[in-house]
Amino acid sequence: MGFARACSVALVGVEGVVVEVQADLEPGVAAFALVGLPDKSLVESRDRVRAAVVNSGAEWPQKKLTVGLSPASVPKGGSGFDLAVACAVLGAAERIDPAAIADVVMIGELGLDGRVRPVRGVLPAVLAAAEAGYHHVVVPEQTAGEAALVPGVSVLGVRSLRQLIAVLADEPVPEEPADEQGRPDAMLAGLMMPGAGVGTGLAPLRARGEGHRPDLADVAGQARPRKALEVAAAGGHHLLLSGPPGAGKTMLAERLPAILPPLTRQESLEVTAIHSVAGILPPGEPLVTRAPYCAPHHSATMQSLVGGGNGLPRPGAVSLAHRGVLFLDEAPEYSGKVLDALRQPLESGHVVVARAAGVVRLPARFLMLLAANPCPCGRHTLSGTGCECPPSLVRRYQARLSGPLLDRVDLRVEVEPVSRADLMGRGGRGESTAEVAVRVREARARAAERLAGTPWTTNSEVPGHELRTRLLAAPGALMAAERDMERGTLTARGLDRVLRVAWTVADLRGADRPDASDIAVALELRTGIQRGVPMEVVSS
């Protein structure tokens with residue numbers, strides 16, 4: 001009787017569970033049984049592994065073979081177990097030393113010819129292996145860079161099962177012919193989710209055109225929305241842009257990710273893990289360093305927005321926008337249930353999706369940007385343009401953005417139509433993205449220094465209790481906000497959010513703490529009511 005074991009990783013959402021792949025050979029009629037709660041794609045690995053082993057020059061054992069995946073209670077799916085299954089079988093057949101693979105984590109799909117094909121989710125799988133105490137990982141050659149991002153783990157990238165057998169058996173490693181130059185690498189097809197390209201709004205902005213990057217200087221006029229965009233980026237505040245069609249709401253939204261600071265190392269690993277599982281990680285770029293941008297269409301379902309799908313839930317748009325921007329254009333056109341489903345992730349920074357196959361917790365700390373027209377025809381706020389929408393229709397249209405959802409939006413700004421002078425450039429060219437990004441980084445640095453030693457890094461994450469007890473504004477600065485609260489125009493949550501925005505305004509102008517003018521600017525940005533304070537105070 002022969003026995004051997006190797007290790008692989010089962011992904012549950014964006015987290016991994018180390019799975020021990022055990023192979024047992026017994027005398028009897030040749031058969032291959034796979035147990036341990038595998039799904040259909042994993043059951044099919046029996047034929048893939050057998051063909052790959054034979055075509056790699058190894059002998060397939062003609063005995064009763066049982067392969068077990070432990071723990072058996074964890075659902076397992078995908079083709080990433082092929083490499084571990086093949087090595088466990090070869091170890092049980094004594095083609096390779098069982099001790100050489102006992103503590104090695106193997107991730108990869110096998111082709112019938114023995115080539116090792118890449119799979120999605122390598123980074124979270126290697127992270128799970130490192131947390132479980134494993135130090136040696138074997139992955140496909142194409143994803144070795146992604147796996148190497150995890151510190152303290154020795155990564156071996158292989159191109160074929162034949163090479164891996166030679167390495168484990170201490171034999172000369174055969175050379176594998178490289179693909180022809182100039183042809184797309186067909187092996188990378190397994191890393192990309194079909195349809196997750198540019199047209200879905202999930203791809204990075206740079207993929208939409210290498211020669212042009214959206215710049216804030218391209219936006220004509222719109223001084224107030226530009227300042228609101230800067231405040232939103234500096235403090236991580238949610239923003240609503242409302243105005244007629246053609247005023248520039250989408251242009252402003254597409255330029256928001258570029259003024260956000262680069263991701264930290266930890267944030268990059270979080271975002272890369274999610275994008276790797278979702279199949280939208282760009283080939284050749286194992287680490288996402290810039291804030292992601294996700295803009296789903298208004299026909300998106302709740303499952304596509306918050307996560308879901310058959311079996312174990314997959315990341316939705318709120319998770320794909322983690323540490324970045326979630327842009328909902330034509331927000332009133334979204335389903336009311338879809339919009340209300342955003343309330344929980346907006347508050348907690350994660351979403352918990354429960355399905356029959358299990359419960360998954362997905363990260364979802366994003367900056368939400370909503371764009372809305374004033375009415376179905378979009379001409380309600382324009383004078384002399386003949387809006388024919390009845391008042392009742394306008395009220396129903398605007399009510400699609402529910403009060404509880406809007407209460408979680410820190411900044412609400414009206415985007416006015418662009419004047420002819422601004423459009424023709426007579427008012428001068430606005431600040432560029434680079435200039436605004438510098439101020440945003442400086443404001444974030446001030447906030448990070450103030451919040452050092454706490455679990456928060458931006459003003460939008462600070463709880464209201466801390467703002468009212470420890471991080472105090474200047475004496476008498478809250479008088480205007482307290483009056484609004486007494487009149488019922490500001491809720492308790494709204495007061496906390498006004499304080500957060502005021503701290504961001506103070507950080508942008510280099511002040512130690514917010515004063516009455518900062519509170520007035522925050523109230524104006526939240527309520528839209530003029531307070532007599534110029535927006536230039538934000539960057540003075």
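Every chain's residues receive numbers from 1 upward, in the order its sequence appears when written. Only residues with pLDDT of at least 70 get local features here, since the model is predicted, and only at 80 or more are side-chain atom pairs given and counted; chain-wide, interface and lining totals rely on the full set of residues. Side-chain figures throughout are based on the complete set of non-hydrogen atoms in the structure, without hydrogens or water.

As for the packing of helix α19 (residues 433-450) against helix α22 (residues 492-508)
As a reminder, the rule being used: To get an axis, a line is fitted to the C-alpha atoms, and for a helix only the part in contact is used. The angle between two axes follows their N-to-C directions and goes from 0 to 180 degrees. Segments assigned H or I by DSSP are reported as helices when at least four residues long, segments assigned E as strands when at least two residues long, and all are numbered from the N terminus. Two helices crossing with the near one rotated counterclockwise from the far one by less than a right angle form a left-handed crossing, whereas a clockwise rotation gives a right-handed crossing. Residue contacts are counted whenever heavy atoms from the two residues lie within 4.5 Å of one another. Classification convention: Asp, Glu, Lys, Arg as charged; Ala, Val, Leu, Ile, Met, Phe, Trp, Tyr, Cys, Pro as nonpolar; all other residues, Gly among them, as polar.
Across the interface, α19 lies against α22 with an axial gap of 8 Å and an inter-helix angle of 115 degrees. You can see that α19 and α22 cross each other, and the crossing is right-handed. Along its contact with α19, which presents R439, A443, R446, A447 and R450, the element α22 presents W503, D507 and L508. When its residues are assigned to classes, the contact of α19 with α22 shows four nonpolar, no polar and four charged.

Remarks on the pattern of salt bridges
What counts is decided by this rule: For this document, the term salt bridge refers to a Lys or Arg side-chain nitrogen within 4 Å of an Asp or Glu carboxyl oxygen. Burial classes follow relative accessibility: with a 1.4 Å probe on protein chains only, a residue under 20% of its type's maximum area counts as buried, one over 50% as exposed, and anything between as partly exposed.
Across all of its chains, the model carries 26 salt bridges by this definition. With a closest N to O distance of 3.8 Å, E333 and R400 form a salt bridge. With E333 in the loop between β12 (325-328) and α14 (336-340) and R400 in the loop between α16 (391-398) and α17 (403-406), this residue pair connects regions lying 67 residues apart in the sequence. A relative accessible area of 40% places R400 in the partly exposed class. Here E431 makes a salt bridge to R439, at a shortest N to O gap of 2.8 Å. Since its relative accessible area comes to 29%, E431 is described here as partly exposed. By relative accessible area, which is 16% here, R439 ends up buried.

Things to note about the packing of aromatic side chains
Stated formally: Any Phe, Tyr or Trp ring, taking Trp's six-membered ring, that has another such ring centre within 6.5 Å forms a pair; planes under 30 degrees apart are called stacked, those over 60 apart edge-to-face, and the others tilted.
In total, this model carries two aromatic pairs according to the counting rule given. Their ring planes at 45 degrees and their centres at 5.7 Å tell us that F32 and W60 sit as a pair that is tilted. Placement of the pair is F32 in strand β3 (residues 31-35) and W60 in the loop between α2 (45-55) and β4 (64-70), with a sequence separation of 28 residues. Among the residues examined, F32 registers a relative accessible area of 11% and is labelled buried.

As for the pairing of strand β10 (residues 239-242)
In plain terms, the rule: At least two bridges found by DSSP between two strands are what make those strands a pair.
Residue alternation in β10 divides its side chains into two sets, L239 and L241 and L240 and S242, and both sets are buried. Taken together, the four bridges between β10 and strand β15 (residues 367-372) define a ladder with parallel strand orientation. Paired with L241 across the two strands is A371, which belongs to β15. With four bridges joining them, β10 and strand β16 (residues 411-414) adopt parallel strand pairing. Following the sheet pairing, L239 is matched in β16 by L411.

With respect to a nonpolar patch on the surface
Stated formally: Here a patch means residues that are over 30% exposed by relative accessible area and free of salt bridges, tied together within 9 Å if like-charged and within 5 Å if nonpolar (Val, Leu, Ile, Met, Phe, Trp, Tyr). Residue exposure ignores everything except the shown protein chains as possible cover, and the areas themselves are Shrake-Rupley values with a 1.4 Å probe.
Judged by side-chain polarity, L156, V167 and V173 come together as a nonpolar surface patch covering roughly 210 Å² of accessible area. Since its relative accessible area comes to 31%, L156 is described here as partly exposed.

Details of the nonpolar core
Which entries qualify depends on this criterion: What makes a nonpolar core is a set of buried Ala, Val, Leu, Ile, Met, Phe, Trp, Tyr and Cys residues whose side-chain atoms join them at distances within 4.5 Å.
In terms of nonpolar packing, the biggest core is built from 53 residues, with L239, L256, I259, L369, I519 and L525 touching the most fellow members. The leading source of residues in this core is α22, at eight residues. Counting 41 residues, the second largest nonpolar core, distinct from the first, contains V49, V67, A92 and I101.

Let's talk about the packing of α22 against helix α23 (residues 516-527)
Helix-helix packing: each pair is described by the crossing angle between the helix axes and the interaxial distance. Inclusion rule: Each angle receives one of four descriptions, namely roughly parallel if under 35 degrees, roughly antiparallel if over 145, roughly perpendicular if within 65 to 115, and oblique otherwise.
Two elements in contact, α22 and α23, have axes separated by 8 Å at closest approach and are oriented at 120 degrees. In terms of orientation, α22 lies oblique with respect to α23. Of the two elements, α22 crosses α23, and the hand of that crossing is right-handed. Seen from α22, the contacting residues are G494, R497, V498, L499, V501, A502, V505 and A506; seen from α23, they are D518, I519, V521, A522, L523, L525 and R526.

Thoughts on the sheet that holds β15
The strand order across the open sheet built from five strands is β11-β12-β15-β10-β16, with neighbouring strands paired in parallel fashion. Of all the strands in the sheet, just β11 (293-294) and β16 have a single pairing partner and so form its edges.

Things to note about unusual backbone geometry
Looking along the chain, the bond that leaves S70 and enters P71 is cis, with omega of 10 degrees. Its place among the elements puts P71 in the loop between β4 and α3 (82-92). The phi dihedral of L37 is positive, around 65 degrees, even though this residue is not glycine. Checked against the element boundaries, L37 lands in the loop between β3 and α1 (40-43). Classification of L37 by relative accessible area gives partly exposed; the value is 47%. Even without a glycine there, the phi angle at R323 is positive, about 65 degrees.

A word on the environment of Y134
Tracing the chain through its elements places Y134 in the loop between α5 (122-131) and β8 (136-140). Separated by 116 residues in the primary sequence, Y134 and V18 place their C-alpha atoms 9.5 Å from one another. Look past the residues within four positions of Y134 in its chain and what remains in contact with it is C7, V18, D103, V105, A129 and V153.

Thoughts on α2
Note on helix geometry: an α-helix contains 3.6 residues per turn, so any two residues three or four positions apart are oriented the same way. What counts, and what does not: Taken from the helix axis, the directions to the C-beta atoms give the arc we talk about.
Taken together, the buried positions of α2 are occupied by S45, R48, V49, A52 and V53. End-on view of α2: buried residues confined to an arc of 125 degrees, all on one side of the axis. Packed against the buried residues of α2 are β3, α1, α3, β6 (109-110) and α7 (161-168). G57 occupies a position one or two residues after α2 and carries a positive phi of about 90 degrees.

Let's talk about the confidence of the model for the chain
Which entries qualify depends on this criterion: Every residue is assigned a pLDDT by the predictor, reflecting its confidence on a scale from 0 to 100.
Here the chain averages 87 in pLDDT, and 89% of its residues register 70 or above. Predicted confidence for residues 197-201 stays below pLDDT 50, and this span has twelve contacts to residues more than four positions away or in other chains. Low pLDDT, under 50, characterises residues 203-211; the predicted model gives this stretch 16 contacts beyond four residues in sequence or across chains.

Looking at the environment of A148
Here A148 is to be found in the loop between α6 (144-147) and β9 (154-158). For A148, a relative accessible area of 51% translates into the label exposed. A C-alpha to C-alpha distance of 8.6 Å links A148 and L123, two positions 25 residues apart in sequence.

Thoughts on the side chain of E524
As a reminder, the rule being used: As used in this structure description, the phrase polar contact means that two N or O atoms lie within 3.5 Å; if the pair is within protein, one of them must be able to donate a hydrogen and the other to accept it, and residues adjacent in sequence are counted only when both atoms belong to side chains.
With respect to the secondary-structure elements, E524 resides in helix α23. For E524, a relative accessible area of 3% corresponds to the buried category. Side chain to side chain, E524 and R224 meet in a polar contact 2.3 Å long.

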